[in-house]
Amino acid sequence: MTRNTFQELLQEAGCVIDEYNNRPIVFISEPVLFRRELSLKIRSDPQYPDNLDEFFDSMNAYLQDVDVLRRFLLPATLSDHLMDNRRTSILESAIKTLLNIDIIQPTLITYLLERLPEFYDELENDNSSSCTARLILHQLRWSEYIVAPQALTGKLIEIIQITPTVIQHEIITSLPDIINDSEHKPIVVYLKELMHEDAELTVPILDALSNLTLHSESLEDVRDTVLDRLESAELDDLAVIIKFLLQTVKPHTIDLVILGIREKLDFRSLGKSTIPSITRKAKHSPEALILESIKLGLQFHKFVCDSWIKSIAALQTKPAHKIIDVLVLFILYSMTSTKKKADQIFRKKIADGLITSSLLEESIMHHGHGLASYWNTILSLSESLLRSSQQQSVLIPSSKALYISAFKSSDVYYRQEIIGSLVTHIGSGSATEMDVALDTLLHLARTDVDNMAVYDVFIKGILDYLDNLTLPQIRTLFNIFSLLSVMPKARKEGDSGLWSEICIVIRKQLSNPREKYKKIGVIASLAAVNVLTSAKLCASEDESGAGSSSTQREMTSDDAHRHPLIRQAIQMVEMALQHCHEYPVCLAMVYDELAYMLEHGDMDKRMQLYIAESITGDFIEQYVADAGAVEERITRDANRLEVPVKPQNWMNLDGQDAAIAIDFYSFICDNDERKKKRSVLTLCALFNLLQSSEKLGNNGSLDGIDALVGCGLVLFNHTDFDDDMVKELKTHDLWNACDIIYYAINWCRELLNVFSVVCDQSIHQKTVQRVKNVLMLESALCKFIKQASGYAPMEFYASLPMAGLKNSTSRTLTISSAVSVRDSPGVDDTSDTEPKPARKDKTNTNVAFNSIDALRPHMRALNINVLSVLAASENLPHNEDKLDNRELSYIFKDLNEKLKNKIVPAPVSAFGRKKQVDQNLHSTAMLSRISAPDLVKQVIKYLPSILQRLEGLYEDIQLHDTQAGRIGSSSQTIVQCTSLIMNIIFKLVSWPEIENPEHRDILEDLVKTLASRIVADESQHDTFEVTVREVFKYLAHFSNNIPDATTAIVLYKTLMRVMVLSDNDPALKVGAHQVVTRILATDWFDWRDIKKQIIFLVGQAIELDKDPLQALHTYVNQVLPQYNEEGRLEDHPLLRDDTVIYYYEAMINQAVKALHLLQETDDNDNENDNVLDKTEKLVRIFASITTYIKKKDKKELFSVLLKTGRAFIEQFTMHSIPYFTGVFKYHKERIVVILKNFQSCTRMLQIICSHVKVMKDIKLSSYVPKLKQAMETVIFQVKILLTENNAPADAFFLGALKHRDIRGAEVSSQMPRDLSSSESEAEENEENLEVAVAARSQAKRKRKQSTKPTARKSRAKATEDEDRTIRTTSQVPTTDDEGDDELAGDDDEGEDTMDIDLNSTDEEEQQSASARDRGPHLMSLSPPPIHGMQNSVASVEQIELTPSRKDGIPEELEESLRNFGCEFIQSAGILLKLPQVAMATAQVLFQRFYYMASLKDFGIVEIGMGALFLASKVEESFTRLTYMVSVYDCLLKRARKQPTYPPLDAFSQQAYDLKNMIITGEMQILKRLGFNVHVELPYGLMINYLRILGLEEDEKVAGKAWNYLNDGLRSNVYATYEPATIACAAIWLACRDHTIKLPPDWYLLFDTEYDNVTNAAGQVRRVYYTKIDRERLPLYADEMDAWLARNCL
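Residues numbered from 1 in each chain as written. Predicted model: local features only at pLDDT ≥ 70, side-chain atom pairs only at ≥ 80, totals over all residues. Heavy atoms only, no water.

Chemist: Tell me about the overall build of the chain, residues and numbers included.
Modeler: Along the chain, the regular secondary structure elements total 79 helices and 10 strands. Taken across its 1689 residues, the chain has 55% of its residues classed as buried. Counting only carbon and sulfur atoms, one obtains 49% of the accessible surface of the chain, whose full area is about 75,000 Å². (Helix = DSSP H or I, 4+ residues; strand = E, 2+ residues; numbered from the N terminus. Buried < 20%, exposed > 50% of the residue type's maximum accessible area, 1.4 Å probe, protein only. Areas by Shrake-Rupley, 256 points an atom, 1.4 Å probe, with all protein chains shown as cover.)

Chemist: Give me the lowdown on the pattern of salt bridges, citing residues and values where you can.
Modeler: As a working rule, side chains carrying opposite charge can pair if their charged atoms are close by. In this structure the tally under the stated criterion is 47 salt bridges. Of the charged contacts in the structure, one is a salt bridge between K460 and E501, with a shortest N-O distance of 2.8 Å. One end of the pair, K460, is in the loop between α27 (456-459) and α28 (471-486); the other, E501, is in helix α29 (residues 497-510), and 41 residues separate them in sequence. Judged by its relative accessible area of 35%, E501 falls in the partly exposed class. Residues joined by salt bridges that share partners form a network here, namely D1169, D1173, E1176, R1180 and R1230. (Salt bridge = Lys/Arg side-chain N within 4 Å of Asp/Glu carboxyl O.)

Chemist: Help me get a handle on the packing of aromatic side chains, residues and values and all.
Modeler: The tally for this structure, following the rule as stated, stands at 44 aromatic pairs. Between the aromatic rings of F6 and F72, the centroid separation amounts to 5.8 Å while the plane-to-plane angle is 40 degrees, which identifies the pairing as tilted. Of this pair, F6 sits in helix α1 (residues 5-13) while F72 sits in helix α4 (residues 66-73), and the two are 66 residues apart along the sequence. F72 carries the same exposure label as F6, and that label is buried. Three or more aromatic residues joined by ring pairs form one cluster here, namely F619, Y623, F664, F667, F687, W747 and F755. (Phe/Tyr/Trp six-rings, centres within 6.5 Å; stacked < 30°, edge-to-face > 60°.)

Chemist: Mind laying out the sheet that holds strand β6 (residues 647-650), listing which residues take part and the relevant values?
Modeler: The four strands lie next to each other as β5-β7-β8-β6, forming an open sheet whose pairing is mixed. Strand pairing shows two members of the sheet lacking a second neighbour, β5 (624-626) and β6, which therefore form its edges. In this sheet, neighbouring strand axes are inclined to one another by 40 degrees on average, regardless of whether the strands run parallel or antiparallel. As paired elements, β6 and strand β8 (residues 712-716) share four bridges and run antiparallel to each other. From the neighbouring strand, Q648 faces β8, where its bridge partner is L715. Running over the sheet, helix α42 (residues 731-755) touches β7 (660-662) and β8 and is turned about 160 degrees from β8. (Pairing = 2+ DSSP bridges. Axes fitted to C-alpha atoms, helices over the stretch in contact; angles between N-to-C directions. Contact = heavy atoms within 4.5 Å.)

Chemist: Tell me about a negative patch on the surface, and please be specific about residues and values.
Modeler: A cluster of acidic residues, D722, D723, D724 and E728, forms a negative patch at the surface. Residue placement: D723 occurs in helix α41 (residues 723-728). In this structure D723 comes out as partly exposed when scored by relative accessible area, which is 48%. (Patch = residues over 30% accessible without salt bridge, like charges linked within 9 Å, V, L, I, M, F, W, Y side chains within 5 Å. Lys, Arg positive; Asp, Glu negative; His and termini not counted. Charge placed at Lys NZ, Arg CZ, Asp CG, Glu CD.)

Chemist: Before we move on, can you summarise the nonpolar core with the specific residues and values?
Modeler: Grouped together as the largest cluster of nonpolar side chains are 437 residues, with contacts concentrated most on F72 and F664. For this core, the element with the highest residue contribution is α42, accounting for 16 residues. Once you skip the residues sitting within four places of it in the chain, F72 turns out to touch F6, L10, I17, I25, Y62, L63, S93, A94 and I95. The next biggest cluster of nonpolar side chains, apart from the first, holds 92 residues, and it includes L1453, I1465, L1554 and L1591. (Core = buried A, V, L, I, M, F, W, Y, C linked by side-chain atoms within 4.5 Å.)

Chemist: Give me the sheet that holds strand β3 (residues 75-78): which residues, what numbers.
Modeler: The mixed open sheet is built from four strands, whose spatial order is β1-β2-β3-β4. Two strands bound the open sheet, and with one partner strand each, they are β1 (15-16) and β4 (90-93). Strand direction decides the pairing type here: β3 and β4, joined by three bridges, are antiparallel. Note that in β4 the partner of A76 across the bridge is L91.

Chemist: Give a detailed account of unusual backbone geometry, specifying residues and quantitative values.
Modeler: Y48 connects to P49 through a cis peptide bond whose omega is 15 degrees. In this structure, N699 is a non-glycine residue whose phi angle is positive, near 55 degrees. Tracing the backbone shows N699 in the loop between α40 (683-697) and β8. Taking relative accessible area as the criterion, N699 reaches 80% and is therefore assigned exposed. Notably, T1635 is not glycine yet its phi reads approximately 50 degrees, a positive angle. Counting through the fold element by element, T1635 comes out in the loop between α77 (1619-1633) and α78 (1650-1662).

Chemist: Explain the packing of helix α69 (residues 1451-1471) against helix α71 (residues 1500-1514) to me, using residue names and the numbers behind them.
Modeler: Taken N-terminus to C-terminus, the directions of α69 and α71 make an angle of 45 degrees; their axes are 10 Å apart at the nearest point. Judged by the inter-axis angle, α69 sits oblique to α71. Judged by the sense of rotation from one axis to the other, the crossing of α69 with α71 is right-handed. For the pair α69 and α71, contact is made by L1457, F1460, G1461, I1465, A1468 and G1469 and by I1500, G1504 and L1508, respectively. Partitioned by chemical class, the residues of the contact of α69 with α71 number six nonpolar, three polar and no charged. (Parallel < 35°, antiparallel > 145°, perpendicular 65-115°, else oblique. Left-handed = near helix turned anticlockwise from the far one by under 90°. Nonpolar A, V, L, I, M, F, W, Y, C, P; charged D, E, K, R; others polar.)

Chemist: Lay out the packing of helix α9 (residues 149-162) against helix α11 (residues 184-197) with the relevant residues and their values.
Modeler: The contact between α9 and α11 brings their axes to 11 Å, and the two run at 15 degrees. Put simply, α9 runs roughly parallel to α11. In this structure, α9 crosses over α11, and the sense of that crossing is right-handed. When α9 is examined against α11, the residues T153, I157, I160 and Q161 are found in contact with a partner set consisting of I187, Y190 and L194. Here the residues of the contact of α9 with α11 are counted per class, giving five nonpolar, two polar and no charged.

Chemist: I'd like a description of the environment of R856, backed by residues and values.
Modeler: Its location among the elements puts R856 in the loop between α44 (852-855) and α45 (868-874). Separated by 67 residues in the primary sequence, R856 and S923 place their C-alpha atoms 10.0 Å from one another. If sequence neighbours within four positions are ignored, R856 has contacts with R749, E778, Y890 and K893. Here D853 takes part through its side chain, which lies 2.9 Å from a polar atom of the side chain of R856. (Polar contact = N/O pair within 3.5 Å; in protein donor to acceptor, adjacent residues only side chain to side chain.)

Chemist: Help me get a handle on the confidence of the model for the chain, residues and values and all.
Modeler: With 83% of its residues at a pLDDT of 70 or more, the chain shows a mean pLDDT of 79. Contacts for the low-pLDDT stretch residues 800-845, under 50 throughout, to residues beyond four places or in other chains number 101 contacts. (pLDDT = per-residue confidence, 0-100.)

Chemist: Now, about the environment of V1060: what can you tell me, with residues and values included?
Modeler: When you line up the elements, V1060 lands in helix α53 (residues 1045-1061). Here V1060 falls in the partly exposed class, since its relative accessible area comes to 33%. For the pair V1060 and E995, spaced 65 residues apart in sequence, the C-alpha to C-alpha distance is 9.6 Å.

Chemist: If you had to explain the pairing of β8 to someone new, which residues and values would you point to?
Modeler: Within a regular strand, the side chains alternate between the two sheet faces. Of all five residues making up β8, five are buried, and the element is well covered by its neighbours. Neither face of β8 is open: one carries G712, V714 and F716, the other L713 and L715, and all of them are buried. Inspection of the sheet shows β7 paired to β8 by two bridges, in the parallel sense. Bridge assignment links I662 to a residue of β8, and that residue is L713.

Chemist: I'd love a proper account of helix α46 (residues 885-902), names of residues and values included.
Modeler: Note: α-helices contain 3.6 residues per turn, so residues at a spacing of three or four share the same orientation. Between its first and last C-alpha, α46 extends 25 Å over 18 residues, near the 26 Å set by a 1.5 Å rise per residue. When we look at burial in α46, the residues that qualify are N885, E887, L888, S889, Y890, I891, F892, D894, L895, N896, K898 and L899. Between a side-chain oxygen at the N-terminus of α46 and the backbone nitrogen of R886 the separation is 3.1 Å; the capping residue is D884. (Expected span 1.5 Å × (residues − 1).)

Chemist: Before we move on, could you go through the environment of S130 and cite the residues and values that matter?
Modeler: Within the secondary structure layout, S130 lies in the loop between α7 (120-125) and α8 (132-140). Judged by its relative accessible area of 34%, S130 falls in the partly exposed class. C-alpha separation for the pair S130 and L74, spaced 56 residues apart in sequence, amounts to 8.5 Å. Look past the residues within four positions of S130 in its chain and what remains in contact with it is R70 and L135.

Put into structure tokens, the structure is as follows:
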């Protein structure tokens, strides 16, 4: 060969290489032909195989040039003349083609692999697939075959060992695509060794191992190594590692793998390391890839998903929960199959405080890039938690954290979705959702105003819901708007539109004459003022040069007008004051809002000075009167006889030194009604603003206004008025007197709010005295208000515009004064030229107060700081100056109301109905300003003083000997005060959110404060658990002498809450049991107040006992019987005739609970014996409970037993019977005894059900169906138990029931006419509740079933007697049943019951078998009508030779007409909108009719209409005749293929004929069927059977079976088989269609035969194969002869 052997051979074989142009290599022949030609040329050479060396030498020389080599590595092309039959000219590379030649492949592979190191630099700098090294490896991938696989493996290992890491990485990753399957094992061995040697290659090795065939032992070693290196792995490698671990794991090692991943994959450090890498795409960030790997692992193996769910659910402590757990829960929530489980775990963990809002926030905020694919999931979870917050307030912080974190971490699109979701919650109408959503938006507006401002257009949509928002919610909303429109970040160029719109809304609301909308305007304007006057915002404006230069000198109020933001705020305030000038209630709101902003806000100093000078400056001049002038006025009016109510200076605490007074008398006597209202209604609010301004201006001191706390109040001489004098006053004078006292009370309450926190003893003395003044004034007001019919304070009447109203009359205190507007609220006293008065608010039109208690919520609210008077009172030197019990009760009652309204969960209202809140209550406004945690903190601050009072009261109780509710008049205030304090403590410990981890500090403060009353040194509180025990001990000692029963209950509930806070410490249970036992053993005088609490107390006494079951047994079998015999019991004084029902309910509840607790048992013999003992004891207890009805025949007892007895039966069915099934073979005798005892319970329940029917009580009857359903389920479950344990077939029997009354005696009217002595003996046996012996197996073996149902044999008298002998339960009959020989039927009678005997004798078996060998369940339709609840079914003779066939009508025609008639009924029922049960009943009656009459006499239209009309009556779904004839007329026209269906004229002859046909058809059906129209449908049975077979959750099977039942109505199956058989047939067909295998002999569970089931199924299936010629069928009787003649019949 020549020097150019390689090039020449390629060209000769069909490969063209252009050496001058850098073009792809061209094949002028097909690659397959090229390979064949080249191989032949090499093999045909005489020097073969030595010529291969020369070939490769020339190839090496030719390919030495890298550019040439790349041309051979890149795809080749095909010559143009070969392109006719190809879609593309691109071919595999030339090297790839050469590798497919077996004689060249080994050497060429070696050559290519040895050249790999040359391209190290290029590979390190080039990440593209066109890199030369990657091109070389690509040639080796996916080869058609490998000539020398072992040599290739060895060469690859050799190259890996000598090449740099970068090339090793590429080779290892490509290994699965290069080597043969047979070489996987040695490669795996080598890669495992290499991974141990070089950690840098872990990721490519794992990637390769994931695609190689591995043995389990190989996986174990690799997995351990990978888990060890997981913690130190590179961030970019973690995704591959996680993917390998989860996709190669086995079920027995999954727990270890998950534990390793959770411990070593620290997402907290990952989040910090990925924060700077913002430029990387979120979907390709390392965290996103890690989460995607976890999700793939969860989806790859179901056991991985299940195990991870269990591992998270098993975590019990807060530190054990990590970020990875939250992220995995997000993943699980995003998967449809696990969404529900993840949601449940989230809720439970959050409720238990294990997953906190801070953990959720950290998980989202630090891993936003990784969660880019899960924002929809997080949003859905947030919505779900927020919707559930109405029922679980503990979910609120977490839902807020999810929303806030998601907004800050997500992109623009999902931020918009989040805002939209929050706006939707605000419009939901749920108060909790609205509050949380608004708070979330406010938080976002404060912390991320830049991003929030983008979505202001969505937030503005909330204005549409403005009428549905409360005032606190409106305040929050406008705070949001103000932040978005005013803050510097939001005030960008061109973004002033929102501010303009808000200003328009504010003006519109302020200018509205209705106070409701004016208040909205006040809140909106002052919310903007709050933001505009923020010191931080104003300072930033000053720094930017926009503000004044007042920072270098002392500020004045004039500086406020120079600052642009403050100037806008002043304009807002002035606008609000202007519009509210004639609306005192709104004006007072302005003052209160400003006062709150001063005290709790960050208001700029300049705005504070403006308020002090411009708003509060006139207070003294306007309201404070000179003491001397007041005295002159009093002296002057004292001699005026025409003034019945004379002024007097009261409550002057400063005595002769007083220089000022508040003249309420002059305010109320003012002739100007508007001025009077404005003065009185704004007094307290303006004073509140004044004191706030004074505090800020004087560093918290009130020295400038402290004269007001002791100054006198000019009222009137109310003490001179006795009841008779009050009655003599005119209504006008009475109302004004009430006004004076009412607003004086408000003033005193406001003084308490202001001065109660001042640290000065003289002020303390005055504040305590003011408390006494308040009670004295309330006592006076109570006296006057009783006579002032229809009285309401002035704020409850609409304000009148002042302009132009100069001569308006007003009320004065003189007799001759004119009637004012308030006296005649419906009369307009203005002239035509004067403005009309503002329309009254609808809610206040007829407001009237007849008691001080009704009026007190509308007074000025007391602040929490008022509690400081408790300690101040104790420090006063004189006892007469201290607070007595009456004043303490007043303060504590107010505190109780605050806690009730703020921290006690409100009842959940119906969906869509908002909770009504009176927005006029000042207390509501005050409480809306403070959060529940802050309120609890403030109360805890004053709790020591409250507890000190409680201890003093307890000592007084000992002295007064007020025990067991026998309270004297002198002790009433002591008892009331004690009860109020106990309620305060109970509300504090029962606050739902106190167990929230975020409020742990509050809980610890509360517990320490309570424990400190007996342990003075806080250092002795070693642990929280020890401290809680001290709290329990402290509170429990008050139970020794509690004054009344209600307080005792509250104390015990408080102790129970303390137990819950201690995680139910067993050490506390003994003390709790002692307390509840003491309460039950006390003969309370006020026992009627706690009647409904007796259920709770008795239940607790049983549960907390050392042996609860024995305690329950004692109550049931000793206490109740002893009470029935002896009456009142000394040990149980609360057990009376009025309370026995509550004791009874508590006992049955405890029986149900005890049975439920028995389900968790260990599978060992000792535990089984224990469980069986307890179960047997419980069943006997339940039997005693049920039989107690015989002694106490009370309607209330029936209600309790029917309602709660079902729960016991369901628990027994759900837990006990499955447990018995597992241990039956070892404890057969004991289980049979338990079942027999249980049977006696069900018998008694059956009697009660029947007795309830006799009573005809609707409420009690509503409990019966579900109870009977539960008892039916027991029967089937017991039969399954016996079947699964191979019990004899004769061990179980279902029998009918006798009729007995509530005492157990058989009802004489239902006794058979001929009763033999044997029957009497049988009844005697049944009275003793002996379980009879039943056997049917021999009868069934002897019975031979035909393909069609056989006739039911008549019952002989002996058989009837035998039947009565073996029945096992009783029922009370109705009057309709009298005269029947057997039980007659409606749904409350003829119930089945079970008899169980595993030891029956042969003689008994033969007796029972002969008694029941009756053949298939078929009955004749002919009279006499059937008895019991069974359907009427046709006999064999009626089926084989129907009346129609006797008249010569072919079987096929009859079947078609029956089918078509039922189709007519179904279609008509749908058009008439009748329920399916009515349509089904009609079709069954239709089918039955034609077994009693011929189609030749009665057509299907006539009988079909009659059947449907009759069924509509039977099923109480009555329809009008007119509607039915119209529908049938339309259906008949459609059946006859008429081109149009004109509506039927209701007055035409045709309509009358159809109506007559309906009446005739109905009468014929009743006549032929003997008025027996009872139809039992198999739908309910089918559902029950599916449940028993475990198929109820299979929607496909249930739906298919239901369809078969519907379609079977068109066949005769409902008239020839019992409902049980039809239900089984439908199940059998559905399971056959879905290839579901049913258990062997499954039909025996339902008392059916296999042949009957298959025959019925065949009848149903025939419906689908029956062809109906609808146009030619004879629909009327007179058409039948013509049809028969046409068809030569």
